[in-house]
Amino acid sequence: RSQPPGGQGGPGRHDPGTPGAGELRLQDVHHPFAQRAITGVATDHPEGQDRDEAGIEPRRRARAYLQGLLVTLEAKTGAIRAMVGGRDFYDSKFNRATHALRQPGSAFKPIVYATAVQNGRPPSYIVNDSPIVVPLGGGGGKDWTPRNFDGRFEGPIPMRRGLYESRNLIAIRVGMELGEQTVINEARNFGLTTPIPPYPSIHIGAADVYPLELISAYSVFANQGIRATPNAILRVENARQEVLWQQTPARTQVLSPEESWIMVDMMKDVIRRGTAAGSVWGAGFHVPAGGKTGTTNDGTNVWFIGYTADLVAGVWIGLDRPQKITADAQGGRLAAPAWTQFMSEIYRRRPAPPDWPRPIPIITREIDVSTGMLQTPYCPRDLIRSEFYIPGTEPMTECNKHYGYGYPGYLDSLGRAPDAPASAPDTIYLPAPPPVASSLPPPVAPPQTRVVPGGVPIPRPAPPPAPVPRGDTNRSRTIFDTMSRVRPRPVGPPPPAPRTDTIRRDSLQRQHPR
């Protein structure tokens, strides 16, 4: 779109015009229905309806005004295809996409899981979804006790499920296992420049980010591990349409193609059976895509960032002064529908991209998802899944939880509990035998020798020598004898040799019938 410098109005409201002498042409792109996607969701919300009916004068009213932003960019080049910095440009000219600092919430978790995959954790890696208490420094005496959105704990579950169900405790435990500084370094590789303190709460998105940086970070997943730096201007031309400057895409390798493909496969589950299933897949958007929802404490910020093989798009909805949007504010309920509406409109106008090709080194294994180990014939069929692995991260041992006779309360033939891990030392669960009365007299302690100064020791008789075993009592060697003994030589005359002129009657052959 041609835009003369100094044009009046907000984004999307410039007249094309014809550049005159000394003017430059800034070549960019714009989607006219991007603004409608944000405005439509905002006005559908009760908070937005009240403001629209009041004439959209939030600066003159004390009540809050629901805002939103949307950014779309090309995955391979980083070219920004659409940017909406607020609900209405005439109401507020502040570009929230590039200048606002917002907590990403769970939208930051893919960076944590990408760090885990890069450090050898497969999607089937088992993490305990259980309560955790993190002591806070400073001597305040308070502890940080995070919880999941639904307030429940699922126990040991695979890392894949922790991502698509957005379990906070799974992301926190994985991040703490890797180390906060490791996650921060990975966030820098993904293009985040804002300060990130080394606290466990960053693993669930407590550190503020610029929305444009967070959305463009997802290009790493869409572009097979390569991050494309966002850019808004394609080229600059003069009045004679001569190109004075042209954008060169900046691309950085962050993940390997195998690591990126594993992350894409995990994030597809967010859309198909996770927190955004109803708003994206259930709403009819079946283009191969991945994404992640995000919701911060008390529902003050809601996100959805998704991508296909050629586009990355992110939506944020919230208030300029952070406060609860509504009682049920979630990224999958508010932000994901706007993303689906926008992306569906795009792919009605352009061909849908193909799915990401699976890298050749990726291997599959049939596993028991409750243990992350190879399945056995005794594993329940509903727990068996086909999982993808980068070579070297696949499980090598079979499931040690399900056995052929693994009924509760029963022991196996060696007296072991069925749930005892195979790699652990064998533990015998047999009861201790009762004490048995012995017929032998109790042992007598040897007499103590008293030393008397000036005394003379009394001579004691020497003990009798031990009896010598008799040589004629050695038993003869048998065919099953394992003792290396010399067979005694027989005494007496040798036995008579068998006669050769005798024939057994039963060996005669009958040559004539009776």
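Conventions used here
- Residues numbered from 1 in each chain as written.
- Predicted model: local features only at pLDDT ≥ 70, side-chain atom pairs only at ≥ 80, totals over all residues.
- Heavy atoms only, no water.
- Helix = DSSP H or I, 4+ residues; strand = E, 2+ residues; numbered from the N terminus.
- Contact = heavy atoms within 4.5 Å.
- Areas by Shrake-Rupley, 256 points an atom, 1.4 Å probe, with all protein chains shown as cover.
- Axes fitted to C-alpha atoms, helices over the stretch in contact; angles between N-to-C directions.
- Parallel < 35°, antiparallel > 145°, perpendicular 65-115°, else oblique.
- Left-handed = near helix turned anticlockwise from the far one by under 90°.
- Nonpolar A, V, L, I, M, F, W, Y, C, P; charged D, E, K, R; others polar.
- Pairing = 2+ DSSP bridges.
- Disulfide = S-S within 2.5 Å.
- Buried < 20%, exposed > 50% of the residue type's maximum accessible area, 1.4 Å probe, protein only.
- Core = buried A, V, L, I, M, F, W, Y, C linked by side-chain atoms within 4.5 Å.
- Patch = residues over 30% accessible without salt bridge, like charges linked within 9 Å, V, L, I, M, F, W, Y side chains within 5 Å.
- Salt bridge = Lys/Arg side-chain N within 4 Å of Asp/Glu carboxyl O.
- pLDDT = per-residue confidence, 0-100.

K.L.:
So what exactly am I meant to see when it comes to the overall build of the chain here?
P.N.:
Counting its secondary structure elements, the chain contains 12 helices and 17 strands. Partitioning the intrachain contacts of the chain with sequence separation of at least 6 by distance along the chain shows that 65% fall at a separation of at least 24. Carbon and sulfur atoms provide 55% of the accessible area of the chain, an area that totals close to 30400 Å².

K.L.:
In this structure, what is going on with the packing of helix α4 (residues 109–118) against helix α6 (residues 168–178)? I would like to understand it.
P.N.:
To describe two helices that pack against each other, one gives the angle between their axes and the distance between the axes. At a minimum axis distance of 10 Å, the contact between α4 and α6 shows a crossing angle of 45°. As judged from the angle between their axes, α4 and α6 are oblique. Between α4 and α6 lies a crossing whose hand is left-handed. Packed against α4, whose contacting residues are Lys-109, Val-112, Tyr-113, Thr-115 and Ala-116, the element α6 presents Asn-168, Ile-170, Ala-171, Val-174, Gly-175 and Leu-178 at the interface. Looking at side-chain class alone, the contact of α4 with α6 contains seven nonpolar, three polar and one charged residues.

K.L.:
How should the sheet that holds strand β15 (residues 363–368) be read in this particular structure?
P.N.:
In a beta sheet, neighbouring strands pair by backbone hydrogen bonds and run either parallel or antiparallel. One open sheet accounts for three strands, arranged β16-β15-β17; its pairing is antiparallel. The open sheet terminates on both sides in strands that have one partner only, identified here as β16 (373–374) and β17 (384–389). Taken together, the two bridges between β15 and β16 define a ladder with antiparallel strand orientation. For Asp-368, the partnering residue across the bridge sits in β16 and is Met-373.

K.L.:
Quick question: what am I supposed to make of the state of the cysteines here?
P.N.:
Should the sulfur atoms of two cysteines be covalently bonded, the bond is a disulfide. Scanning all chains against the criterion turns up zero disulfides. Between Cys-379, a free cysteine, and Cys-399, which holds the nearest cysteine sulfur, the sulfur-to-sulfur gap is 3.7 Å. Judged by its relative accessible area of 3%, Cys-379 is buried. For Cys-399, a relative accessible area of 7% gives the class buried.

K.L.:
Got a minute to help me understand unusual backbone geometry in this structure?
P.N.:
Leave glycine aside and you will find that most residues have negative phi; peptide bonds, for their part, are mostly trans. Despite not being glycine, Ser-166 has its phi angle at roughly 55°, a positive value. Even without a glycine there, the phi angle at Asp-298 is positive, about 60°. Tracing the chain through its elements places Asp-298 in the loop between β12 (290–295) and β13 (301–307). For Asp-298, a relative accessible area of 57% gives the class exposed.

K.L.:
Would you explain the environment of Tyr-199 in this entry?
P.N.:
Position of Tyr-199 relative to the elements: it lies in the loop between α7 (180–189) and α8 (211–217). The class for Tyr-199 is exposed, based on a relative accessible area of 52%. Tyr-199 sits 18 residues away from Gln-181 along the chain, and the two C-alpha atoms are 9.0 Å apart.

K.L.:
What's the story with the nonpolar core in this structure? I'm lost.
P.N.:
One recurring pattern in soluble globular proteins is that nonpolar side chains are buried together. Among the nonpolar cores identified, the biggest contains 59 residues, and Phe-190, Tyr-218, Phe-221, Met-263 and Tyr-307 are the most heavily contacted of them. Apart from residues lying up to four places away in sequence, Tyr-218 is in contact with Ala-107, Pro-110, Met-267, Lys-292, Ile-305, Tyr-307 and Val-312.

K.L.:
Looking at this structure, I do not really get a nonpolar patch on the surface. What am I missing?
P.N.:
Where nonpolar side chains cluster on the molecular surface, the patch consists of Ile-233, Leu-244 and Trp-245 and spans about 280 Å² of accessible area. As for its position among the elements, Trp-245 is in strand β10 (residues 243–246).

K.L.:
Is there a simple way to think about the environment of Leu-169 in this case?
P.N.:
Within the secondary structure, Leu-169 is located in helix α6. The spacing of Leu-169 and Pro-131 is 38 residues in sequence and 7.3 Å in space, taken between C-alpha atoms. Setting aside residues no more than four positions away along its own chain, Leu-169 makes contact with Asp-129, Ser-130, Ile-132, Pro-146, Arg-147, Asn-148 and Phe-153.

K.L.:
Looking at this structure, I do not really get the pattern of salt bridges. What am I missing?
P.N.:
Side chains bearing opposite charge may pair, as long as their charged atoms lie close to each other. Counting across every chain of the model gives 21 salt bridges. One salt bridge in this structure joins Asp-269 and Arg-160, with 2.9 Å as the shortest N-O distance. With Asp-269 in helix α10 (residues 257–273) and Arg-160 in helix α5 (residues 159–164), the pair connects residues that are 109 residues apart, well separated along the chain. Pair check on accessibility: Asp-269 and Arg-160 agree, each one buried. Among the charged side chains, a salt-bridge network with shared partners connects Asp-129, Asp-150, Arg-152, Glu-154, Arg-161, Glu-165 and Arg-167.

K.L.:
Where do I start with the confidence of the model for the chain in this structure?
P.N.:
For residues with low pLDDT, the predicted coordinates do not support detailed interpretation. Across the chain, the average pLDDT comes to 79, with 67% of residues at 70 or higher. Considering only residues more than four positions removed or in separate chains, one finds that residues 406–415, a stretch of pLDDT under 50, has 10 contacts.

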